[in-house]
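# Examining the three-dimensional arrangement
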Amino acid sequence: MLATRSLAAILAGASIVSMVATVAGAVNINLVSGAVGADIAVYQELVKPWEEKTGNKVTFVPMPSSTTDQFAQYKLWLAAGNKDIDVYLVDVIWAPQLSEQFLDLTQAFAPVANDHFPSIVASQTVNGKLIAAPFFTDAPALYYRKDLLDKYGEKVPETWDELSATAKKIQDGERAAGSKDIWGYVWQGAAYEGLTCNGLEWIASNGGGHIVEADGEISVNNENAAKALEMAAGWVNTISPGGVLSYTEEESRGVWQTGNAVFMRNWPYAYALGNGGDSPIKGKFDVAPLPSGGGDNKSAATLGGWNLAVSKYSPNAEVATDLVLYMTGAEFQKGNAIKASHLPTIQSLYDDKDIAAAQPLIPHWKGIFLNAVPRPSAATKVKYNEVSNKFWTATHEVLAGTSTAQDSLEVLEADLQDLKGDGW
């Protein structure tokens, strides 16, 4: 039995009756995936043509929305040589850490590799082996209420100072008019990987570096980084609710989509849901690049994205690989873009008229994605998860007011030096 939530319990929750072949020659492929928004339902719909063509079946095994919890569970299953999960949906930062547990997809993916953004293929290639096939990419943006900005004669903020002022002005005005539950800005402040993404954006957009630089240098303890964290701490209980310190993506979206926020930082998946037929804010919002610190500083959006890997313990590796090739292909990615507003990794789809008509944000997101800032996973290799954990812990202490930014960053720098030792 596993030390955390058992596979049996998860499979039972997914209503799996059997993981053996249902008809002669056919198999059931179990694909484990994080569950945010309507993703699982979309995948189930889009995979039907492959099921009908091959006679095989796919069971999507949902995981917690927290990527930190998800990664911990993955490591337990893979370390145990679990044969029940065939395909894993993996975060862009996980390839260096899990590379020994997945099959090399280089040869199978070679005929279509040039269709995808080279940077994404490169990010999933470890020691010359393609560990995971590009599925969808990600970069967050600033969501804003067009109607409220127009009402108060405000423009889309380009700096964090402008965001703070505009959020406060509209929040106060709307509360005075009777909207007592509205907040100026919601984001992801819980102590998990999402806070690393937010914190990196604050620091990088204020000229504070990238936590650990590409050459392995630990750069996080500097004046600009400290100012950036103090800035974010100042939002809590002013333009952001105190509860933001426990928010992940879905809690932020919940506040936003009920109409109770002026601005939100979130990923593209929230766009389609916000414009859903039952959404109170349908047609009332748009997206823009995240603000910068002003001056010569530029907007910074953390590079995200998810990819599909085949477990080396899968008893159905050939069929699982075929499924991965289908799900990372143009037909599936187009449907995933239209129905879930996920950014394709296939370059030509950014010029697809059907996608542009259904999700107008996607053609415009290409620039945000191309200028995205990577997390320091390549520099810190297998130690990245520990680096990120230490960073989000230090950041959360500042946000919660239990430590100053200067003190937290000094301790963080010392901890990272110890972790680095003689090299990453």
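Higher on the page you've got the structure.
Residues numbered from 1 in each chain as written. Predicted model: local features only at pLDDT ≥ 70, side-chain atom pairs only at ≥ 80, totals over all residues. Heavy atoms only, no water.

With that settled, the discussion passes to the overall build of the protein chain. When helices and strands are counted, the protein chain shows 20 helices and eleven strands. The C-alpha atoms of the protein chain give 22 Å as radius of gyration, which agrees with the globular expectation for 424 residues (22 Å, within 12%). Along the three orthogonal principal directions, the C-alpha set of the protein chain runs to about 65 × 55 × 40 Å. Counting over 424 residues, the protein chain shows a buried share of 55%. Within the protein chain, counting contacts between residues at least 6 apart in sequence, those at least 24 apart form 75% of the total. Within the structure as shown, the protein chain displays about 17,000 Å² of accessible surface, and the carbon and sulfur contribution to it stands at 51%. Where the 31 positive side-chain charges of the protein chain centre and where its 48 negative ones centre are 5 Å apart. (Helix = DSSP H or I, 4+ residues; strand = E, 2+ residues; numbered from the N terminus. Rg over C-alpha atoms; globule rule 2.2 N^0.38 Å. Buried < 20%, exposed > 50% of the residue type's maximum accessible area, 1.4 Å probe, protein only. Contact = heavy atoms within 4.5 Å. Areas by Shrake-Rupley, 256 points an atom, 1.4 Å probe, with all protein chains shown as cover. Lys, Arg positive; Asp, Glu negative; His and termini not counted. Charge placed at Lys NZ, Arg CZ, Asp CG, Glu CD.)

With mixed pairing, the four strands of this open sheet are ordered in space as S8-S9-S7-S10. Both edges of this open sheet fall to strand S8 (183-186) and strand S10 (285-288), since each of them pairs with a single strand only. Across this sheet, the average inter-strand angle for adjacent strands is 15°, counted without regard to direction. Here S8 pairs with strand S9 (residues 261-266) via three bridges, running parallel. Pairing of Tyr185 across the sheet is with Phe263, part of S9. (Pairing = 2+ DSSP bridges. Axes fitted to C-alpha atoms, helices over the stretch in contact; angles between N-to-C directions.)

Turning to unusual backbone geometry, a few remarks are in order. Look at Ser341: it is not a glycine, yet its phi comes out positive at around 55°. Take Ser341: it is sitting in the loop between helix H15 (330-340) and helix H16 (353-358). The buried category is assigned to Ser341, whose relative accessible area is 0%. Here Lys381, not a glycine, exhibits a phi torsion of approximately 50°, which is positive. The residue Lys381 is located in the loop between helix H18 (377-380) and helix H19 (384-400) in this model. A residue is classified by how much of its surface remains accessible, and Lys381, at 44% relative accessible area, is partly exposed.

Spatial ordering of the open sheet is given by S2-S1-S3-S11-S6, a layout of five strands whose pairing is mixed. Since the sheet does not close on itself, it has two edges, and those belong to strand S2 (57-63) and strand S6 (133-138), each with one partner. The mean inter-strand angle of the sheet, taken between neighbouring strand axes irrespective of direction, is 20°. Pairing of strand S1 (residues 28-34) with S2 involves seven bridges; the strand directions are parallel. By the bridge assignment, Asn30 is partnered in S2 with Thr59.

All right, on to the packing of aromatic side chains then. Enumeration over the complete set of coordinates arrives at 22 aromatic pairs. Arranged with centres 5.5 Å apart and planes meeting at 55°, the rings of Phe135 and Phe136 form a pair that is tilted. Residue Phe135 shares its accessibility class with Phe136, and that shared class is buried. Between Trp256 and Phe285, the aromatic rings sit 5.7 Å apart at their centres with planes inclined by 80°, giving edge-to-face as the arrangement. Of this pair, Trp256 sits in helix H12 (residues 249-257) while Phe285 sits in strand S10, and the two are 29 residues apart along the sequence. The exposure class of Trp256 is buried, given its relative accessible area of 0%. Among the aromatic residues, ring-to-ring pairing joins Tyr43, Phe60, Phe135, Phe136, Tyr326 and Phe332 into one connected group. (Phe/Tyr/Trp six-rings, centres within 6.5 Å; stacked < 30°, edge-to-face > 60°.)

Moving on to the pattern of salt bridges. Applying the stated rule across the entire model yields 13 salt bridges. Of the charged contacts, one joins Glu174 and Lys151 as a salt bridge, the two residues approaching to 2.8 Å between their closest N and O atoms. Of this pair, Glu174 sits in helix H9 (residues 160-176) while Lys151 sits in helix H8 (residues 146-151), placing them 23 residues apart in sequence. Glu174 sits in the buried class, given a relative accessible area of 8%. For Lys168, the salt bridge identified is with Asp172, shortest N-O distance 2.6 Å. (Salt bridge = Lys/Arg side-chain N within 4 Å of Asp/Glu carboxyl O.)

Our focus in this paragraph is the environment of Ala139. Note that Ala139 resides in the loop between S6 and strand S7 (141-145). Using a relative accessible area of 0% as the deciding quantity, one classes Ala139 as buried. In sequence terms Ala139 and Gln73 are 66 residues apart; their C-alpha atoms lie 25 Å from each other. Once residues lying within four places of it in the same chain are set aside, the contact partners of Ala139 are Trp267, Pro268, Ala301, Thr302, Leu343, Trp365, Ile368, Phe369 and Ala372.

One way to put it is that helix H11 (residues 223-233) packs onto H19 with a least axis distance of 8 Å and a crossing angle of 50°. By the angle between their directions, the pair H11 and H19 is classed as oblique. Crossing geometry of H11 relative to H19 is assigned as right-handed. Of the residues in H19, those in contact with Leu229, Glu230, Ala232 and Ala233 of H11 are Thr395, Val398 and Leu399. For the contact of H11 with H19, the per-class residue count stands at five nonpolar, one polar and one charged. (Parallel < 35°, antiparallel > 145°, perpendicular 65-115°, else oblique. Left-handed = near helix turned anticlockwise from the far one by under 90°. Nonpolar A, V, L, I, M, F, W, Y, C, P; charged D, E, K, R; others polar.)

This part covers the nonpolar core. Ranked by internal contacts, the top residues of the largest apolar core, which has 81 residues, are Tyr143, Tyr185, Trp202, Val220, Trp235, Phe263 and Trp365. It is H11 that provides the largest number of residues to this core, a total of seven residues. In this structure, Trp202 is in contact with Trp160, Trp187, Leu195, Ala228, Leu229, Met231, Ala232, Trp235, Thr395 and Leu399, ignoring residues within four places of it in sequence. Within the second largest apolar cluster, 51 residues are counted, among which are Val42, Leu78, Leu98 and Leu130. (Core = buried A, V, L, I, M, F, W, Y, C linked by side-chain atoms within 4.5 Å.)

Treat this as a map of the structure, not an account of what it does.
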